[in-house]
Amino acid sequence: MEAPTVGTDFPSRYRATRPVVGRTLSVQTPAPPPAMEPSTHTVADLFAQLGLPAAPAEIDAFISAHRPGSLGCALHESPAWTPTQAAFLREAIEADADWALPAEWLFQALCHKGA
């Protein structure tokens, strides 16, 4: 008997002609190890970390209230922050930490003149 040629006879020769009934092969893979801490944070997480209300409506209200005084400055220099909050934001951005992405979003929403 001649071996099937891949690409011609092989696929049709092994195709099921009726539904598979009975035992099936199951492949199990190990679960990934649990993460110690999420690698990215949301804007709501950032607000909670800063000790501020973190609901979407409260974040919008905060930005609306503080945007006029924050336009054109660096995020950590906004008058909206306490010294502790400003230091946290400055360090998060300088270290390019997990908080950098939500901080960048907050900068765009609060301080950037083009927003």
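Residues numbered from 1 in each chain as written. Predicted model: local features only at pLDDT ≥ 70, side-chain atom pairs only at ≥ 80, totals over all residues. Heavy atoms only, no water.

Some details on the packing of aromatic side chains
In step 1: One pass over the full model with this rule turns up 3 aromatic pairs.
In step 2: Arranged with centres 5.3 Å apart and planes meeting at 90°, the rings of Phe47 and Phe62 form a pair that is edge-to-face. Of this pair, Phe47 sits in helix α2 (residues 43-49) while Phe62 sits in helix α3 (residues 56-70), and the two are 15 residues apart along the sequence.
In step 3: By relative accessible area, which is 12% here, Phe62 ends up buried. (Phe/Tyr/Trp six-rings, centres within 6.5 Å; stacked < 30°, edge-to-face > 60°. Helix = DSSP H or I, 4+ residues; strand = E, 2+ residues; numbered from the N terminus. Buried < 20%, exposed > 50% of the residue type's maximum accessible area, 1.4 Å probe, protein only.)

Description of the state of the cysteines
In step 1: Taken as a whole and judged by the stated rule, the model has 0 disulfides.
In step 2: Left unpaired, Cys73 is separated from the closest cysteine sulfur, that of Cys111, by 4.2 Å.
In step 3: In this structure Cys111 comes out as buried when scored by relative accessible area, which is 1%. (Disulfide = S-S within 2.5 Å.)

Overview of helix α4 (residues 83-94)
In step 1: The end-to-end C-alpha separation of α4 is 16 Å, in line with the 16 Å expected for 12 residues at 1.5 Å each.
In step 2: Looking only at α4, the buried set comprises Gln85, Ala86, Leu89 and Ala92. All buried residues of α4 fall inside an arc of 130° around its axis, so they share one side. The exposed residues of α4 that point more than 90 degrees off its buried face are Pro83, Thr84 and Glu94.
In step 3: Contacts made by the buried residues of α4 are with α2 and α5 (100-110). (Expected span 1.5 Å × (residues − 1). Arc of directions from axis to C-beta. Contact = heavy atoms within 4.5 Å.)

Quick word on α3
In step 1: Here α3 contains 15 residues, and its C-alpha end-to-end distance of 20 Å stays within 8% of the 21 Å for a straight helix at 1.5 Å per residue.
In step 2: The largest bend along α3 measures about 30° and falls at Ser64, with the proline Pro68 one to four residues further on.
In step 3: Inspection of α3 places Ile59, Phe62, Ile63, Arg67 and Ser70 among the buried residues, and these make up the whole buried set. (Bend = angle between axes of the 7 residues up to and from the residue.)

Quick notes on the confidence of the model for the protein
In step 1: Model confidence for the protein is summarised by a mean pLDDT of 79, while 64% of its residues fall at 70 or above.
In step 2: Throughout residues 4-10 the model reports pLDDT below 50, and contacts reaching past four residues in sequence, or to other chains, amount to 4 contacts. (pLDDT = per-residue confidence, 0-100.)

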